[in-house]
Amino acid sequence: MTKFFLLTIALFGLISCKQKDNEIRTQNFPKIEVSVDKMPNKEKIWVFILAGQSNMAGRGLVEPQDTIPSNRIFTLNKSNNIIIAKEPLHFYEPSLTGLDCGLSFAKELIKHIPKDISIILIPTAVGGSSISQWLGDSTFRNVKLYANFREKIEIGLKYGQIKGILWHQGENDANEQDIPYYKKRLSNLFLKFRETVDNKNLPILIGQLGTYSKDNDNWQKINRQIELYVSSDSNSALIMTFDFKDKGDKLHFNSEGQRIMGQRFAIEYLKKYQ
């Protein structure tokens, strides 16, 4: 009886801790979605796709500064409606979703582009997804990866011009079996991306994996594969992350890292494509 009582207390304690962690994680999430009453003309909208796995989907803590909107930065909600962008942008994994790099990217970008240009950020990243699952259009965490990407591309083309893809992925491929094939798979996937958008020169910007992993040797081998790919594709660019810190789990960038990554995506895009 005493053992059962102690187990019950432990179970309730665990549930309580999880609830408290979730409350902290979501405390600054926007409570209201703001629709866009009047969209700018199609030629005045730049569309960027956010794709990959969890470090693109975002696991950072959303803070008040991450929900300050701009009337020039939009996104999609889970019903595919255009809304004013506030973090978190990704919605596929409600119990995990946090701060990504999207809004930071767009806020940096609009400082340097014509004032009559607006941006749509389209989230498609799903945590834990491998590059083979993207290539095979697998259903992962209730998302059919490539079909969802293709659907979002069609929406983007309806509203504006797709100007680039921001990609961060590779943690799930950082193993002895998959590393040797990563560059080739990356090439095949990006070819599919560009065919779907119907732009063989579409810019694709690729973020490196971090340097804090418990399996850092394999993570750096993936980074080497990414570097080799970028050196072979003049319409791609590499985003450095070696100085970023994790959020304490040796897997995901912290909030500061996410914001800086977004800024670096923007700076690299401006430097190479504008």
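All figures in this text were calculated on a predicted structure; none of them were measured in a lab.

S.K.: What is the right way to read the overall build of the protein from this model?
M.R.: Check the secondary structure of the protein and you find eight helices and nine strands. For the protein, the C-alpha radius of gyration of 19 Å lies close to 19 Å, the compact-globule estimate for 274 residues. Considered along the principal axes of its C-alpha atoms, the protein spans approximately 70 × 50 × 35 Å. Once local pairs closer than 6 in sequence are excluded, the contacts in the protein between residues at least 24 apart make up 75%.

S.K.: Would you explain the side chain of threonine 124 in this entry?
M.R.: Structurally, threonine 124 is set in the loop between β4 (118-123) and α4 (131-135). Using a relative accessible area of 0% as the deciding quantity, one classes threonine 124 as buried. Within the structure, the side chain of threonine 124 is placed 2.8 Å from the backbone oxygen of leucine 50, a separation counted as a polar contact. Those residues in contact with threonine 124 that sit more than four places away from it in its chain are Ile49, Leu50, Ala51, His90, Tyr92, Trp134, Asn148, Phe149 and Lys152.

S.K.: Looking at this model, I keep getting lost on the sheet that holds strand β3 (residues 82-84). Mind explaining?
M.R.: The strands making up a sheet associate through backbone hydrogen bonding, with each pair oriented either parallel or antiparallel. Strand order in the open sheet made by the seven strands is β3-β2-β4-β1-β7-β8-β9, with mixed pairing throughout. What marks the edges here is a single partner per strand, and that holds for β3 and β9 (236-239). Taking each pair of neighbouring strands and ignoring which way they run, the sheet shows an average axis angle of 25°. In this structure, strand β1 (residues 45-52) lies alongside strand β7 (residues 161-168), joined through seven bridges in parallel fashion. When the bridges of β7 are listed, valine 47 appears paired with isoleucine 162. Along the sheet face, helix α6 (residues 182-197) touches β7, β8 (204-207) and β9 and points at about 160° away from the line of β7.

The rules behind the values
- All residue numbers refer to position in the chain's written sequence, counted from 1.
- Predicted model: local features are reported for residues with pLDDT of at least 70 only, side-chain atom pairs are reported and counted for 80 or more only, and whole-chain, interface and lining totals are derived from all residues.
- Side-chain metrics in this entry use all non-hydrogen atoms of the structure; hydrogen atoms and water are not considered.
- Secondary structure elements follow DSSP: runs of H or I no shorter than four residues count as helices, runs of E no shorter than two count as strands, and numbering proceeds from the N terminus.
- We compute the radius of gyration from the C-alpha atoms alone; for a globule the expected value is 2.2 Å times N to the 0.38, where N is the number of residues.
- Throughout, a residue-residue contact means that at least one pair of heavy atoms, one from each residue, lies within 4.5 Å.
- Note on classification: 1.4 Å probe, protein chains only; a residue is buried when its accessible area is under 20% of the maximum for its type, exposed when over 50%, partly exposed between these limits.
- Here a polar contact is recorded for every N or O atom pair within 3.5 Å, except that within protein the pair must consist of a potential hydrogen donor and a potential acceptor, and residues adjacent in sequence are included only if both atoms are side-chain atoms.
- When DSSP finds two or more bridges between a pair of strands, those strands are recorded as paired.
- All axes are obtained by fitting lines to C-alpha atoms, using only the stretch in contact for helices, and the reported angles, taken between N-to-C directions, cover 0 to 180 degrees.

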